[in-house]
Amino acid sequence: MENTIAQKLDALLKLQEIDSSLDEIRKTRGDLPEEVRDLEDEIIGFETRIGKFKSEIAALNAEIDSFKNAQKDGEKLIKKYKDQQMNVRNNREYDAITKEIELQELDMQLADKKINEAKARIRLIEDDANRAESTLNERNEDLKAKKGELSLITSESESEEKTLLAEREKHIKKVEERLLKSYQKIRDNSMNGLAVVHVSRGACGGCFSIVPPQRQADIRERKKLIVCEHCGRILADVESVEPVHQRR
Ligand SMILES: [Zn+2]
């Protein structure tokens, strides 16, 4: 059987009540959840950068090692040439070997230059890495503090939130899908998260625009879905004005 409009409105009001309570809980957490997420992203970024620095340094050290090995080979070669020079038969052979030795020595000087360049590059990268490392440590401290703060606030409202979410899950089945969609849409577009409101003191409870008396009468009848002409929120009912108590 189709629900009556009044039943639909009551179901929406109940949903609004649950959602507003959930909004309140989330508000107590403020920007903390977002700040924690941002910090976690930033930390991953720093760890990636530091990893890159470390592999650059490792590659440069490997380069230095290979230059040093080449230099050792060069030294052996020079020693071998010098031994050969002792046993040359003529000046031409002597000069040829001298030329080989000079070439080897040039190679070794070039290797020295390359090694020094690599070392200088490593020092620069190490500076960057150290800076990144100390910022990373700071961010990790921040994250620890913020997570602690958040878990404290969350633990205070955790069970309440769970109850509300379970209640919402159950209740949502009572609201027809089309209505739920527009409810969600209005809620998403509203600053205070209110999609279903009462007319209170002659005004829309969402945007405080005046609702004309005839319209209020229609709303009070609850025979059709009426939305606020200004903000589009669903007007579920008209709040009865409490009688003014006079002091005796
Ligand atoms: Zn309104």
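- By the naming in an unreviewed UniProt entry, the protein goes by C4-type zinc ribbon domain-containing protein and is assigned to Dyadobacter frigoris.

### So, the coordination of the zinc ion
Logical step 1: Within the protein, Cys204 (SG), Cys207 (SG), Cys228 (SG) and Cys231 (SG) serve as the donor atoms for the zinc ion, at 2.2 to 2.3 Å.
Logical step 2: In this structure, the zinc ion is surrounded by four donor atoms whose angles at the metal cover 106 to 112 degrees, and the resulting shape is tetrahedral.
Logical step 3: Spacing between the donor residues of the zinc ion along the chain follows C-x2-C-x20-C-x2-C.
Logical step 4: Assessed through its relative accessible area of 0%, Cys204 is described here as buried.
Logical step 5: You can call Cys207 partly exposed: its relative accessible area is 27%.

### Some details on helix α3 (residues 91–172)
Logical step 1: Compared with the 122 Å implied by 1.5 Å per residue over 82 residues, the 103 Å span of α3 between its first and last C-alpha is markedly short.
Logical step 2: In α3, a bend of some 50 degrees at Ser157 exceeds every other bend along the element.
Logical step 3: Two or three places before Arg92, at the opening of α3, Asn90 has a side-chain oxygen 3.2 Å from that residue's backbone nitrogen.

### Remarks on unusual backbone geometry
Logical step 1: In this structure, Arg201 is a non-glycine residue whose phi angle is positive, near 50 degrees.
Logical step 2: With respect to the helices, strands and loops of the structure, Arg201 is situated in the loop between β1 (196–200) and β2 (203–204).
Logical step 3: You can call Arg201 exposed: its relative accessible area is 80%.
Logical step 4: Its identity as a non-glycine residue notwithstanding, Arg222 has a phi of 55 degrees, on the positive side.
Logical step 5: Structurally, Arg222 can be placed in the loop between α5 (213–221) and β3 (234–238).
Logical step 6: Residue classification places Arg222 among the buried positions, given a relative accessible area of 14%.

Reading the values: the criteria
- Residues numbered from 1 in each chain as written.
- Predicted model: local features only at pLDDT ≥ 70, side-chain atom pairs only at ≥ 80, totals over all residues.
- Heavy atoms only, no water.
- Donors = N, O, S within 2.8 Å, 3.2 Å for Na, K, Ca; no water.
- Tetrahedral: all angles 85-135°; square planar, octahedral: opposite > 155°, others 65-115°.
- Buried < 20%, exposed > 50% of the residue type's maximum accessible area, 1.4 Å probe, protein only.
- Helix = DSSP H or I, 4+ residues; strand = E, 2+ residues; numbered from the N terminus.
- Expected span 1.5 Å × (residues − 1).
- Bend = angle between axes of the 7 residues up to and from the residue.
- Polar contact = N/O pair within 3.5 Å; in protein donor to acceptor, adjacent residues only side chain to side chain.

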